[in-house]
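Coordinate analysis (summary)
Next come the chains, spelled out residue by residue.
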Amino acid sequence: MIRRTAALVILALALAACGNGGDDPEGAGSPQDGGSLTWGVETEPITFNPHLYAQAKARLLVWNTFEGLLTHDQRGGVVPWLATGYEAAKDGLSYTFKLREGVKFSDGTPLDAAAVKANIDQIRRPGYNPALLAVQLKNLKDVEVVDPLTVRYVLTRPDVLILDFIAAPQGALVSPASLETAKNLKAGGPDLAGTGPFLLDRYTAGQEVHFTRNPGYWGERPAHLNEITYRFLKEPSVRVGALTSGQVQVIEGVPATDQQLIEADPRLSLTRGLNAGTAYTYYLNASRAPFDDVRVRQAFREALDVDAVLNAVYRGTATRAWSVVGPTSPFYDKSLEKTYSGDPAKANSLLDRAGWTQRNADGFRTKDGKRLTVRLVQSAPFVRDRRDVLAQAVQAAVKQSAGIDLEVSLVDQGTATKALEDNEYEVFDNSRLDTDTGVALNLLLHSGGAINRTRVKDPAQDKLLDDAQATGDATKRTELYRQLQQRVVGEQALVLPLYAPADQIGAARTVGGVGFEPTAGVPVSAYGIWLGK
Amino acid sequence: MTLALERPVVLRPRRPGVAAASVFLAVALLAALWPGLLAADPLAADPFHVLEAPSAAHWFGTDQLGRDVFDRVVHGARHSLAIGLAAVGIAVFAGVLLGLLAGLSHRFADEALSRSFDALSAFPLLLLALLFIAITGPGSVSLVVAIGLATLPTYARVIRTQTFVVRRAGYVTEAVAFGASRARLVLRHVLPNVLGPLPILAMIGLGEAILAAAGLSFLGMGPQPPSPEWGAMISEGRGYLRIAWWASVLPGMAVTLTVISLTVAGRYLQRRFEGRA
């Protein structure tokens, strides 16, 4: 099968797609150059090195400075970006990319095949990004420099996830020179050079990151804005206040309680988009008591009326999830809907049968004098959408309906990682923004996955994941992932899916080009954004 | 002494502030000792009634999880008063010990201790407490110890000064002349006579400790959710201030009234008993 793409047409399409979404023709008028914009963001990145990107909310910053060989189109496929086209070998064991001519990194290093290879070599260094090696690059044998503008990815076995990696932030290309000279490679920052439309020139930890236009950008036009500042405003009410008072022109992460306020304001606009990837899910640690008993896992799910807590916390703006796979994914198994949860009577009888029959003075169930306690450790840099409040609502609900003690702690990332590595947790909360959900499923549900927090090691489950990664046939993949979801969500009750993550952008009507990235569903980078009068 | 007998302590209408403060403190004390009498379960969440305005059913409204704010404020009194009392307890105990030690030691040890009190009080209370909690991790116990340590110099200095006065008093020099042991001297003659100003100082200090505890809990350093601590409640409600002011303003009122009441009552007692140790 040979796929060669008419690169220019697609590029134009993709460019158009980038500027699509929240455009408000009445407010911002037609695109114009100049000006500086301030954007209030919820999450401060833990790194500016695209190879190590981990937070969905930081994705919009990556594309300002870095780009990959491929990008996504509107329908979940990939299209060339820094490449002009690519060819897949008939046996599925290699992909050959033609690189765009004349592209330079912002430090002057030309983009060539050797630069691509240098990036992959860096990523494959031990200890640099083990999670990536374990999944997306598991079957990558080598990257070959065919000629200065041709590079070939060679695989050990067919693997559809490699293309998704090349289009992902982790696959974005960094100048090989700056990879060598960066003072702190893992943290990234102004000294990592990319090919993107902006240059990261200033980062003040805890406050803001500032970008200026890259005058030498290779695309058909440079960015509209002269400069853009992203201020880290962790507090939802502070973000909303900053927008309504005009201190910032754009914010993302608009809490449910304030969405109406913004919609009602004639100077402001609100747009919403569902994210790609996995649903926000509680993964239940099946390697230790009490969740080693499937009845207790089922009871935990039955004890919770998910719709009620979502309504309370998000006031009807959240989309209920029924599977690990998000509802926008082509692999979503709709048959799981309404098959579990929200039945306290069933929860209590399951717990009785599992031997948790006694109650202590606080109303919690006990067995042999031990309280039915399960611990959820939340890592502060990853908490978004008031997930801490949601956890408290779940905590209250499972206590009231079934006497389960959900202990919630909100800690720094180091403490959270330690608890997870030491197996000192029963519940792990996560949502992943992966344009191909298969990536997330491999990380979360494969016995070798870097964040396999259910700690299940099941050869049958692994085989489903491996087979789905190896086939390019969409129908076959869908069927394999359907079986996986039936097993993990249905029979084994290893997970409690809660809601489908979404992004909201609140913006002044004078700002044009704000919207959501195709496929991923997160806010776009600043390339297509302009300031009207 | 005779003067006090001629004018018995009565609540006179001339001091409505003191009267109000006493009533409020009595209610707060009742809430702390017996919260079940005034309020229902502070942890009972109701997802179908979140962020509802104050009404007959919910006097103080409900919070973001549908919990009754009045119930939580009442139960919060126990947390706040217990943390405040424990912190003051630590500060007074350690302060008396170190103050006595400084007051009774020779020049060099006294200098060293006094300078370390100075150093401690040079830092703002909250900063010192934050520093301590950063090392030990958040929670009620660290909160108590942190505030206790940070407020200790106040008590230590007073005790040191008192000790200087008392050790030169006639009965002490006479006890020395009679050959009293050092321990007996300190416990029987010095200690009881230096404690005079402490109760009132501690009462005013209690207000300060409660305020500090609420502040630190606001920052997430105190009792963890879902504990109904006043500072934590203000913090949890702040995201909803625009649409549900009651969830954080009313717990805030509880802190304010408690601290003001303690200060008003403490100052009143201080004025009444000034100079009479």
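Residues numbered from 1 in each chain as written. Chains lettered and ligands numbered in written order. Predicted model: local features only at pLDDT ≥ 70, side-chain atom pairs only at ≥ 80, totals over all residues. Heavy atoms only, no water.

1. A closer look at the overall build of chain A
For chain A, the count of helices and strands is 17 helices and 24 strands. Relative to a compact globule of 533 residues, whose C-alpha radius of gyration would be 24 Å, chain A shows 24 Å and is just as compact. Dimensions of chain A along its principal axes, counting C-alpha atoms only, are 70 × 55 × 40 Å. When the accessible area of chain A is evaluated, it comes to approximately 20000 Å², of which 51% is carbon and sulfur surface. Computed over 58 positive and 62 negative side-chain charges, the separation of the two mean positions in chain A equals 3 Å. (Helix = DSSP H or I, 4+ residues; strand = E, 2+ residues; numbered from the N terminus. Rg over C-alpha atoms; globule rule 2.2 N^0.38 Å. Areas by Shrake-Rupley, 256 points an atom, 1.4 Å probe, with all protein chains shown as cover. Lys, Arg positive; Asp, Glu negative; His and termini not counted. Charge placed at Lys NZ, Arg CZ, Asp CG, Glu CD.)

2. Description of the domain arrangement of chain A
Often, the extent of an interface is quoted as the loss of accessible area on bringing the components together. Residues and elements named next belong to chain A. According to the domain assignment, chain A contains domain 1 (2-272 + 503-531) and domain 2 (280-500). On a C-alpha basis, the centroid separation for the pair domain 1 and domain 2 is 30 Å. The interface is formed by 31 residues belonging to domain 1 together with 27 residues belonging to domain 2. Counting the surface lost from both domain 1 and domain 2, the interface buries some 2400 Å², and carbon and sulfur atoms represent 59% of this. Looking at the side of domain 1 facing domain 2, the largest losses of area belong to Val135, Val160 and Leu161, adding up to 21% of the total buried there. Remark: the boundary between domain 1 and domain 2 carries one salt bridge. (Domains from an automatic or database assignment. Contact = heavy atoms within 4.5 Å. Buried area = accessible area lost by both parts, 1.4 Å probe. Salt bridge = Lys/Arg side-chain N within 4 Å of Asp/Glu carboxyl O.)

3. Let's talk about the sheet that holds strand S7 (residues 150-155) of chain A
Note: strands within a sheet are paired through backbone hydrogen bonds, in either parallel or antiparallel orientation. All names here are of chain A. Reading across from one edge, S4-S5-S7-S6 is the order of the four strands in this open sheet, with antiparallel pairing throughout. The sheet terminates laterally at strand S4 (83-88) and strand S6 (140-147), the two strands that pair on one side only. Within the sheet, the average angular offset between the axes of one strand and its neighbour, ignoring direction, is 20 degrees. As defined by bridge partners, S4 adjoins strand S5 (residues 94-99) across five bridges and the pair is classed as antiparallel. From the neighbouring strand, Ala88 faces S5, where its bridge partner is Tyr95. (Pairing = 2+ DSSP bridges. Axes fitted to C-alpha atoms, helices over the stretch in contact; angles between N-to-C directions.)

4. Concerning helix H9 (residues 182-194) of chain B
Among the residues of H9 of chain B, Leu185, Val186, Val190 and Val194 of chain B are the ones counted as buried. Of the surrounding elements, those touching the buried residues of H9 of chain B are helix H4 (69-104), helix H7 (140-167) and helix H8 (170-177) of chain B. (Buried < 20%, exposed > 50% of the residue type's maximum accessible area, 1.4 Å probe, protein only.)

5. Some words on the interface of chain B and chain A
Listed per partner, the contact involves 18 residues of chain B and 18 residues of chain A. Both faces combined, the contact of chain B with chain A buries some 1600 Å², and carbon together with sulfur accounts for 50% of it. For chain B, the biggest contributors to the area lost against chain A are Leu65, Tyr240 and Arg242 of chain B; these three give 30% of the whole. Along the contact surface separating chain B from chain A lie two salt bridges. Among the ionic pairs, Arg242 of chain B bridges to Asp258 of chain A, the shortest N-O distance being 2.7 Å. There are five residue pairs in polar contact (both at pLDDT 80 or more) connecting chain B and chain A. Of the residues contributing to the side of chain B that touches chain A, the split by class is 12 nonpolar, two polar and four charged. (Polar contact = N/O pair within 3.5 Å; in protein donor to acceptor, adjacent residues only side chain to side chain. Nonpolar A, V, L, I, M, F, W, Y, C, P; charged D, E, K, R; others polar.)

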